[in-house]
Amino acid sequence: MKRIIIKWLSALVMTLCVIPWQGASAQTDYNVPVTLSVSNTAIDRFIGTQWASIQHSWTGTFQYGPYTISLSEPTVILSDNLIKIVMGVTYSTEGPSGSFTITPTLTIPPTTITASNIITEYQDLQQQINSKVTDQYVRALIYQLLSPISWIVYQGQILSQSTTLWTTGSYVGWSGTPSLTFTVSNNELNITVTPTVVVEAPSYTWWWDRPSTQQFGIQIYSNDAIQITYLRVFDANGAQILESYQVASSAYDPSNNRYVTTLVASAPNPVANTLTYVEYQVRITRQSAETLWDFTTQPVGNPEPWGSFQTVSSVMVSST
């Protein structure tokens, strides 16, 4: 099941990441059900491991004086779309003493799903204890000790509830708390987890500057990580001012929740301040896709502060 999930996620990320977009992008949410099957034996193993690592015997004092209470290792029963847990309890006090077995029903609220566990909650623990113990003080004491225990019925990597993106090169990730349903059949617990996958198409905001007579800069704000791998600048007559194969990589800016990629390249010779028109050609690499972008602007001179381009266009040059 883990291999299937990983392959599916890889395919989804690649599908969403090789297509170029420009400008603002809309966020889209997808509900993606994933079913996990856990056997009765596996659940007993998870519970047995947990029982061995937590406190399962208690001593102290209450209304009748000293007491000793112990919980034997539980097992589960899967039947009729119910999860029941068999719990043997022994208690000794200066008043009532005895032992009994209860089988409370367990449920799985969506809020108990984590990246590594599925944890249950009792549905009728108090009623089960009341049916076996007549003394109100012993009832209250046993419930107080057992009720905090939330039994794990699955342990392993499932789904992260974090909104952290899966990769820096894609705006794709889990969002919020997954919904959950479960059924029981053939001594197996079938858990269907339906998380929400949030997807946003790549979006870019473009800026340029001219810090000196010989330098031209390009700055890109994007919602995922990219690289600038190529830059050419032309004047109004189409003459090439500079050509650069420098590589500039993105850095995450938490204040804007965006990646920023900046490249400043130098022309071989100083360029006059009388330019009336400048054309930029920029190649961006994003995961396995490359896009070639074309910009025009009207510079005033230098130093020229960061400003936006007047026109922007793009064409995909390769996608693998």
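Presented here is a report on the structure given in the accompanying data block. (Residues numbered from 1 in each chain as written. Predicted model: local features only at pLDDT ≥ 70, side-chain atom pairs only at ≥ 80, totals over all residues. Heavy atoms only, no water.)

## Focus on the overall build of the protein
Defined as follows: Every helix listed is a DSSP run of H or I at least four residues long, and every strand listed is a run of E at least two residues long, numbered separately from the N terminus. A 1.4 Å probe rolled over the protein chains alone gives each residue an accessible area, and that area as a share of the maximum for its type sets the label: buried under 20%, exposed over 50%, partly exposed in between. Whether two residues are in contact is decided by their heavy atoms: any pair within 4.5 Å suffices. Using a 1.4 Å probe, the Shrake-Rupley method yields the accessible areas, and only the shown protein chains count as cover for residues.
Assigned secondary structure in the protein consists of four helices and 24 strands. The buried share of the protein, reckoned over its 320 residues, is 45%. Nonlocal contacts in the protein, meaning residues at least 24 apart in sequence, comprise 61% of its contacts between residues at least 6 apart. Of the roughly 15500 Å² of accessible surface on the protein, a fraction of 50% belongs to carbon and sulfur atoms.

## Here we look at the pattern of salt bridges
Our working definition: The salt bridge definition used is simple: a Lys or Arg side-chain nitrogen within 4 Å of an Asp or Glu carboxyl oxygen.
Taken as a whole and assessed by the stated rule, the structure comprises one salt bridge. In this structure, Arg286 engages Asp224 in a salt bridge whose closest nitrogen and oxygen atoms are separated by 2.7 Å. Within this pair, whereas Arg286 is found in strand E21 (residues 278-286), its partner Asp224 is found in the loop between strand E15 (215-222) and strand E16 (227-234), the two being separated by 62 residues in sequence. Taken as a pair, Arg286 and Asp224 share a single burial class, namely buried.

## A word on helix H4 (residues 136-146)
Put simply, the rule is: Directions drawn from the helix axis to the C-beta atoms are what define this arc. Definition of a polar contact: a pair of N or O atoms within 3.5 Å, with one able to donate and the other able to accept a hydrogen when the atoms are protein atoms, and with sequence-neighbouring residues admitted only if both atoms are side-chain atoms.
All of the buried residues in H4 are Val138, Leu141, Ile142, Leu145 and Leu146. End-on, the buried residues of H4 take up no more than an arc of 120 degrees, which puts them together on one face. Every exposed residue of H4 that faces more than 90 degrees away from the buried side is listed here: Gln136 and Gln144. The inward-facing, buried residues of H4 abut strand E3 (57-62), strand E4 (65-71), strand E6 (82-93), strand E7 (97-102), strand E10 (121-122) and helix H3 (125-132). Backbone nitrogen of Tyr137 and a side-chain oxygen of the N-cap are separated by 2.9 Å at the start of H4; the cap is Asp135.

## Considerations on the packing of H3 against H4
Which entries qualify depends on this criterion: Helix axes are fitted only over the stretch in contact, all axes being lines through C-alpha atoms; the angle between N-to-C directions runs from 0 to 180 degrees. In a left-handed crossing the near helix is turned counterclockwise from the far helix by less than a right angle, and in a right-handed crossing that turn is clockwise. Three classes are used, and their members are as follows: Ala, Val, Leu, Ile, Met, Phe, Trp, Tyr, Cys and Pro are nonpolar, Asp, Glu, Lys and Arg are charged, and the others, Gly among them, are polar.
In contact at an axis separation of 10 Å, H3 and H4 are set at 145 degrees when each is read in the N-to-C sense. Seen from above, H3 lies across H4 with right-handed handedness. In this structure, H3 contributes Leu125, Gln126, Ile129 and Asn130 to the contact, and H4 contributes Arg139, Ile142, Tyr143 and Leu146. In terms of residue class, the contact of H3 with H4 is built from five nonpolar, two polar and one charged.

## Side note on the pairing of E15
Heads up, the condition is: DSSP bridges decide pairing: two strands pair if at least two such bridges lie between them.
The buried count for E15 comes to six of eight residues, which makes it a mostly enclosed element. Direction of pairing for strand E14 (residues 204-210) relative to E15: antiparallel, over a ladder of six bridges. Looking across to E15, one finds that Trp207 is bridged to Gln219. Between E14 and the antiparallel strand that follows it, E15, lie four residues. As judged from the eight bridges shared by E15 and strand E20 (residues 258-266), these two strands associate in the antiparallel manner. Looking at the pairing, Ile220 lines up with Thr261 of E20.

## Focus on the packing of aromatic side chains
Heads up, the condition is: What counts as a ring pair is set by centres within 6.5 Å for rings of Phe, Tyr and Trp (its six-membered ring), and what kind of pair is set by the plane angle: stacked under 30 degrees, edge-to-face over 60, tilted for all other angles. Consider the ring centre and the ring normal. A charge sits over the ring if Lys NZ or Arg CZ is within 6 Å of that centre and within 35 degrees of that normal.
If you walk through the whole model with that rule in mind, you get 11 aromatic pairs. Between the aromatic rings of Phe62 and Tyr64, the centroid separation amounts to 5.3 Å while the plane-to-plane angle is 90 degrees, which identifies the pairing as edge-to-face. For Phe62, a relative accessible area of 16% translates into the label buried. Taking relative accessible area as the criterion, Tyr64 reaches 26% and is therefore assigned partly exposed. Lying across the ring of Phe46, Arg45 places its NZ or CZ 5.7 Å from the centre.

## Notes on the environment of Ser99
Mapping Ser99 onto the fold places it in strand E7. Those residues within four positions of Ser99 in sequence are excluded, and the remaining contacts are Val89, Thr90 and Tyr91.

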